[in-house]
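Results of the structural survey
Now for the letters of each chain:
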Amino acid sequence: MKYEIKKNPKLQIELTIEVSPDELQQYFVKAREELGKNLEVDGFRKGMAPKEIIEEKIGKENILIEAADLLVKDNYKKVISENKIEPISQPEIEIIKLALGNPFIFKAKFYILPEINLPDYKKIISSIKKNKISVENKEVDETLNWIQKSRANFISKDGPAEKGDFVEIEYSLNGLNLNPQNEKDSFILGEGQFLPGFEENIIGMKPSEKKEKISLKIPENYYNKDLAGKEIGANIKVLSVKKMELREINDDFAREVGNFKDLENLKESIKEGISLEKEHAEKERLRNEILEKLRNEISFEAPEVLIENEKKSMLEDFKESVLKNLKIPFEKYLEESKKTEEEIKNSFTDEAEKRVKNFLILRELVKAEDIKVSEDEINEEIDKILKQYPSKEKAEEELDYDKLKLYIENALINEKIFQRLENFIE
């Protein structure tokens, strides 16, 4: 076997492999034997027909194609193994020459990961500053008020709805790509859960009262840029109005909320919970900043194939979001937004590239820091998941064990490398 390795643009490798006529003949014989195993010919036992009859029945050309397929697989694997090449895509095979008595020549094109030269990442990370975590009394009081409202008594009223009342409504939003079908919702009036102007229209309405063709403007800073600043219509029907009676916040209230000795004990628990949430948010901020700083310091090309795969994944997430939040089929969204699926997928390019680069940088850091996880660590996490199922049979029915194991291994490695990197922050 002879071969040539060529590096194409965009991290593509092109292998040209030439196999001798003798080896091609050997693989032809091997392919003929494999294909002839199940061949039934009158006068011969199954799979025992002479080679001439096998070639006649199956076709010499078909046998040659099978031989070429075996040769490609074996020689491709051998070359990438000898040269320690790590493909990240399936090879694109092109047969250049295939004829018995001649050398067999083929090309294999595939993509590889870029070479990443890590800078002094410890020094870079050490420049990051941690934020001090603190919880103000105001935050504890706000949470207490939320708990108080969640345990309020509600008394039906026939009069007009006022701010602070609990209302149940039926509504529809019309225009653009919003769902024109009726939806139901219930909430505390004035809490700001809807678009600006929506709740103001409910104030003063009585049960069974309707308002139609209300004009609303979506804010310019709305999260969905396709809808930001646009005008929409709304129809509202009030189904019920209830006055909310709040319980007094005292020691008795605290004991009813949970296993708390008194109000002070409840406040301490709330403060601890808020502190944990802030610590989690700070941890995420630090990890994002670590990746951002390293990404800005390391220059490398992200493989197009990985970016494309990430874009496809993001598109699927977006489709689910449209169905869940806007409650319309994705095809309807495309129609109303006047965009194609390809345009939306391409809008994710920058974010997809950032995610791919983050993944590749972390992968290199894992090698640099020699991060590993043991089978015991993986099994311990798997056991935690299995305990959530009522039986072993149910778990086996719903879980793909190999995928679960790989997912847990990657999650543990990511957590370990981030913990290691966080130690470099002074």
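Conventions adopted
Residues numbered from 1 in each chain as written. Predicted model: local features only at pLDDT ≥ 70, side-chain atom pairs only at ≥ 80, totals over all residues. Heavy atoms only, no water. Helix = DSSP H or I, 4+ residues; strand = E, 2+ residues; numbered from the N terminus. Rg over C-alpha atoms; globule rule 2.2 N^0.38 Å. Buried < 20%, exposed > 50% of the residue type's maximum accessible area, 1.4 Å probe, protein only. Contact = heavy atoms within 4.5 Å. Areas by Shrake-Rupley, 256 points an atom, 1.4 Å probe, with all protein chains shown as cover. Lys, Arg positive; Asp, Glu negative; His and termini not counted. Charge placed at Lys NZ, Arg CZ, Asp CG, Glu CD. 1 Å grid on protein atoms, 1.4 Å probe; cavity = no way out; pocket = protein on both sides within 12 Å on 5 of 7 lines; lining within 4 Å. Points joined across faces, edges and corners; volume = space filled by probe spheres on them. Pairing = 2+ DSSP bridges. Axes fitted to C-alpha atoms, helices over the stretch in contact; angles between N-to-C directions. Parallel < 35°, antiparallel > 145°, perpendicular 65-115°, else oblique. Left-handed = near helix turned anticlockwise from the far one by under 90°. Nonpolar A, V, L, I, M, F, W, Y, C, P; charged D, E, K, R; others polar. Salt bridge = Lys/Arg side-chain N within 4 Å of Asp/Glu carboxyl O.

Some words on the overall build of the protein
- Check the secondary structure of the protein and you find 15 helices and nine strands.
- Computed over C-alpha atoms, the radius of gyration of the protein comes to 33 Å, more than 25% over the 22 Å expected from 2.2 N^0.38 for 426 residues, which places it beyond the range of a compact globule.
- Taking all 426 residues of the protein together, 35% fall into the buried category.
- Sequence-distant contacts in the protein: of pairs separated by 6 or more residues, those separated by 24 or more amount to 68%.
- As displayed, the protein offers around 26800 Å² of accessible surface, 45% of which is attributable to carbon and sulfur atoms.
- Computing the positive centroid from 74 side-chain charges and the negative centroid from 92, the protein places the two 2 Å apart.

Brief notes about the layout of surface pockets
- A volume near 700 Å³ is recorded for the largest pocket.
- Lining the largest pocket are 17 residues; nearest its centre among them are Arg355, Phe359, Leu362, Asn410 and Asn414.
- Among the secondary structure elements, those contributing two or more residues to the lining of the largest pocket are α9 (304-326), α12 (349-368) and α15 (401-422).

Considerations on the pairing of strand β4 (residues 104-111)
- Of the pairings in the sheet, the one linking strand β2 (residues 12-19) to β4 comprises eight bridges and is antiparallel in character. Pairing of Thr16 across the sheet is with Lys107, part of β4.
- Strand direction decides the pairing type here: strand β3 (residues 92-97) and β4, joined by five bridges, are antiparallel. Across the sheet, Glu92 pairs through a bridge with Lys109, a residue of β4.
- Connecting β3 to the antiparallel partner β4 that follows it, the hairpin turn spans six residues, and Gly101 within it adopts a positive phi of roughly 85°.

Points about the sheet that holds β3
- Reading across the sheet, the four strands line up as β1-β2-β4-β3 and stay open at both edges, with antiparallel pairing between neighbours. In the strand order of this sheet, the two ends are held by β1 (2-8) and β3, each with one partner. Going from strand to strand, the sheet's axes swing by 15° on average, the running direction of each strand aside.

Here's the deal with the packing of helix α5 (residues 137-150) against helix α8 (residues 263-297)
- Relative orientation of the contacting elements α5 and α8 amounts to 110°, with a least axis distance of 9 Å. Compared by their axis directions, α5 and α8 come out roughly perpendicular. Our pair here, α5 against α8, has a crossing hand that is right-handed. Note on element contacts: α8 touches α5 through Leu263, Leu266, Lys267, Ile270, Lys271, Ile274 and Lys278, opposite Glu139, Val140, Thr143, Leu144 and Ile147.
- Residue classes in the contact of α5 with α8 are distributed as seven nonpolar, one polar and four charged.

Points about the pattern of salt bridges
- Under the definition given, this model contains 35 salt bridges.
- The partner of Lys157 in a salt bridge is Asp165, and the shortest N-O contact between them spans 2.9 Å.
- You can call Lys157 buried: its relative accessible area is 17%.
- For Asp165, a relative accessible area of 4% corresponds to the buried category.
- The shortest N-O distance in the salt bridge between Glu256 and Arg247 comes to 2.8 Å.

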